[in-house]
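# An overview of the molecular structure
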Amino acid sequence: MTLPDASPGFRCGYIAIVGRPNVGKSTLMNALIGAKVSITSRKAQTTRHRITGIQTRESAQFVYVDTPGFQTRHANALNKTLNRTVTNTLTAADVILFIIEAGTFGQADKQVLDLLPANVPCILVINKADRIKDKAVMMPFAQQVAAQRDFTAIVPVSAKQRFQLDILEKEIEKYLPENAPMFGEDDITDRSEKFLAAEIIREKVFRFVGDELPYTSTVLIEKFEEEGDLRRVFAAILVERDGHKAMVIGQKGARLKEISTQARLDMEKLFGGPVYLEIWVKVKSGWADNEAGLRAYGYE
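Read on for a plain summary of the structure. Just so you know, these numbers come straight off a predicted model, no measurement behind them.

## A closer look at the packing of aromatic side chains
Aromatic ring pairs are defined here through the distance separating the ring centres and the angle between the ring planes. The final tally for this structure, using the stated rule, is 5 aromatic pairs. Both rings, one in Phe62 and one in Tyr64, keep their centres 6.0 Å apart while their planes meet at 5°; by these two values the pair is stacked. Exposure class is identical for Phe62 and Tyr64. Each is buried. Taken together, Phe234, Tyr276 and Trp280 form an aromatic cluster joined through their ring pairs. The ring of Phe234 carries the charged tip of Lys223 above its face, separated from the ring centre by 5.0 Å.

Here's what the structure looks like:
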């Protein structure tokens, strides 16, 4: 790996992206780095791992860390593991982006805010600002939230519309430490293609099965082979019950086919070459409440 030349004053550091589930953390990170490395869906708890996204500019390298939304509803082993991932990420961050939704600041947001270490610069990012038609209400809302903590900056953005992301990036850069770059200038993530393949399939499962399927489904890559530009991916979707298996497969296999097709297209776009993809659906009861099982499936 060739690291970019670092001029005097070059900045590089970790930026933790935190917030309650479904405020747009993954969408924001993908928009900031200009590539889709963290999966998104309307379903809460989509992000389950610490995902790193990298953006290198002439004067700085931004190492974004997308975190799971902090979980307060269920106390199973999976959610305890997700929450541990969030708190571990915060302790290593140079800058924190605390993401909320424009016009909404509830108890779940406050619970996440209370977790943030006081000694790390924290920027309040008000996402989905384009949804607020009456801009006069934005200032008092921002002031209400700002009263909760001494934020280093407040930046309204729209991750989907890429509104004010340049301003946000400039604010982040101010607080990054002077460091040499940690990654190559063309790197966009530190995650393997095998990991990204599993995440892409899991996103499609959530997208096409929706609220019918409990969030405890996951994806296991059983074999990942490279031959020139071609990737061969053999994956298993793990569900808790036979009824869930039928949901994923769909009538005459139609839903599983759609999941496979859309996942393959996303992989080809991200990996820059053809992908051969086979997916099975398997029943594995209780995996989400088993610490050893979670580690076996790649949860930290």
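## Comments concerning the pairing of strand 1 (residues 11-18)
The buried fraction of strand 1 is high, at 6 of 8 residues. The pairing of strand 1 with strand 3 (residues 60-66) spans 7 bridges and is classified as parallel. In the strand pairing of strand 3, Ala16 is matched with Val65. Of the strand pairs in this sheet, strand 1 and strand 4 (residues 95-101) are connected by 4 bridges, and their pairing is parallel. Across the sheet, Ile15 pairs through a bridge with Val95, a residue of strand 4.

Rules and cut-offs
- Residues numbered from 1 in each chain as written.
- Predicted model: local features only at pLDDT ≥ 70, side-chain atom pairs only at ≥ 80, totals over all residues.
- Heavy atoms only, no water.
- Phe/Tyr/Trp six-rings, centres within 6.5 Å; stacked < 30°, edge-to-face > 60°.
- Buried < 20%, exposed > 50% of the residue type's maximum accessible area, 1.4 Å probe, protein only.
- Lys NZ or Arg CZ within 6 Å of the ring centre and 35° of its normal.
- Helix = DSSP H or I, 4+ residues; strand = E, 2+ residues; numbered from the N terminus.
- Pairing = 2+ DSSP bridges.

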